[in-house]
Amino acid sequence: MAVETELVEFGDQEGIRRAARLVAGGHVIGIFIDGVDTIWVDGRQSQAAARIQAIKGEGRVGKPLSAILEADALAPLIDLDRIPRSLRDIFANAEELAARMGAMAGLRLPVRTAAARELPPYMVSQSADGIYWLQDFIPHGHPTTSRLVRELALAGVTLPAATSMNVSGTPEIADQEEAVAFSRQHRLPALLHDPQPNPHLQGSFPILGVGPEGVVLLREGHFPGQLFGYLLEYEDIDLSPAKPARYPISPQIRERFAGTDLRGAALREALLDTIHG
């Protein structure tokens, strides 16, 4: 049975606080983030994670949720010995990591064994070589998402977790009206929505893997994968394994950053200006 979903605009601080309290109470909520709708839970509440499984369907089985941790919470978890030596200073330094990768991509990273064992099993994966992996989206750079993470922390949620809003096997929802219908159908009590979205941006963020084999684009997204080489100032990114995006790369971004000379944090700031412009 459908229920009424509260629509919370990005600028509604009290509404964001209510949404955070709902997550702390074990509910699933929705939020639109730069072209894609997502669903969030408290990653330490197994029943809430099971609710996402029920919403997403059988195709979700065995796939970990993504964490939504700011860089200062993520950096201590990373197993720096398992990433390229030239990137260790970036990933060890939370401020530098946020400055280059905040609100840019899902990051699939190796995490220390001790840290992995402190995380719920549905938040991490383990590859055949014994490495534990965590995917994270650093919200810094998307003000509403960062605000929600702060409110969640105040409500006692230390491990926000999320995935795309859709039934597994169907395209991720990129239309906010469709997200409203989905939220009501699946009885989500709150949906954070952007009253002024970028009309040129649709679909999920890229996913970037960083590990013993180097840096690998795992899934295409909003912008050309080669820009990650410029963001990290790392030349040897492997783009070949990337799963195609369901939506086209933003032509606005493709045109503006073709042949760009920008690197590192300066490039990220320019990308954010374009995305949120």
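Residues numbered from 1 in each chain as written. Predicted model: local features only at pLDDT ≥ 70, side-chain atom pairs only at ≥ 80, totals over all residues. Heavy atoms only, no water.

**Q** Please explain the overall build of the protein chain as it appears in this structure.
**A** Across its full length, the protein chain holds 11 helices and 11 strands. Its C-alpha atoms give the protein chain a radius of gyration of 18 Å, within 12% of the compact-globule value 19 Å for 277 residues. For the C-alpha atoms alone, the extent of the protein chain along its principal axes is close to 50 × 45 × 35 Å. By residue count, 53% of the 277 residues in the protein chain fall in the buried class. Taking contacts inside the protein chain between residues at least 6 apart in sequence as the whole, the part at least 24 apart equals 69%. Counting only carbon and sulfur atoms, one obtains 49% of the accessible surface of the protein chain, whose full area is about 12,400 Å². (Helix = DSSP H or I, 4+ residues; strand = E, 2+ residues; numbered from the N terminus. Rg over C-alpha atoms; globule rule 2.2 N^0.38 Å. Buried < 20%, exposed > 50% of the residue type's maximum accessible area, 1.4 Å probe, protein only. Contact = heavy atoms within 4.5 Å. Areas by Shrake-Rupley, 256 points an atom, 1.4 Å probe, with all protein chains shown as cover.)

**Q** Sorry, what's going on with helix 7 (residues 143–154) here?
**A** Three or four residues apart is the spacing at which side chains of an α-helix point the same way, because the helix has 3.6 residues per turn. For helix 7, with 12 residues, the first-to-last C-alpha span of 17 Å sits near the 16 Å given by 1.5 Å per residue. Within helix 7, burial applies to Thr144, Thr145, Ser146, Leu148, Val149, Glu151 and Leu152. Check the buried side of helix 7 and you find it contacts helix 1 (13–24), strand 2 (29–33), strand 3 (36–42), strand 8 (160–164) and strand 9 (190–193). Count one or two residues on from helix 7 and you reach Gly156, which has phi positive near 95 degrees. (Expected span 1.5 Å × (residues − 1).)

**Q** Quick question: what am I supposed to make of the nonpolar core here?
**A** Nonpolar side chains in soluble globular proteins tend to be buried together. Of all hydrophobic cores here, the largest spans 85 residues; its most connected members are Trp40, Phe91, Met101 and Phe228. Tallying contributions element by element places helix 11 (residues 264–276) first for this core, with five residues. If near-sequence neighbours (up to four positions away) are discounted, Phe228 is found in contact with Met101, Met104, Ala105, Pro206, Leu208, Leu217, Phe223, Glu233 and Ile237. (Core = buried A, V, L, I, M, F, W, Y, C linked by side-chain atoms within 4.5 Å.)

**Q** Help me understand the pattern of salt bridges, please; the structure alone is not making it clear to me.
**A** Pairs may arise between side chains of opposite charge once their charged atoms sit close together. On inspection of all chains with the given rule, the structure shows 11 salt bridges. Residue Glu6 is joined to Arg18 by a salt bridge in which the shortest nitrogen-to-oxygen separation is 2.3 Å. Taken together, the residues Glu6 in strand 1 (residues 6–9) and Arg18 in helix 1 connect sequence positions 12 residues apart. Taking relative accessible area as the criterion, Glu6 reaches 29% and is therefore assigned partly exposed. In this structure, Arg17 and Glu151 form a salt bridge, with 3.3 Å as the shortest nitrogen-oxygen distance. Taken together, the residues span a long stretch of sequence, with Arg17 in helix 1 and Glu151 in helix 7 at a distance of 134 residues. Shared partners join several salt bridges into a network, and the residues in it are Glu14, Arg17, Arg21 and Glu151. (Salt bridge = Lys/Arg side-chain N within 4 Å of Asp/Glu carboxyl O.)

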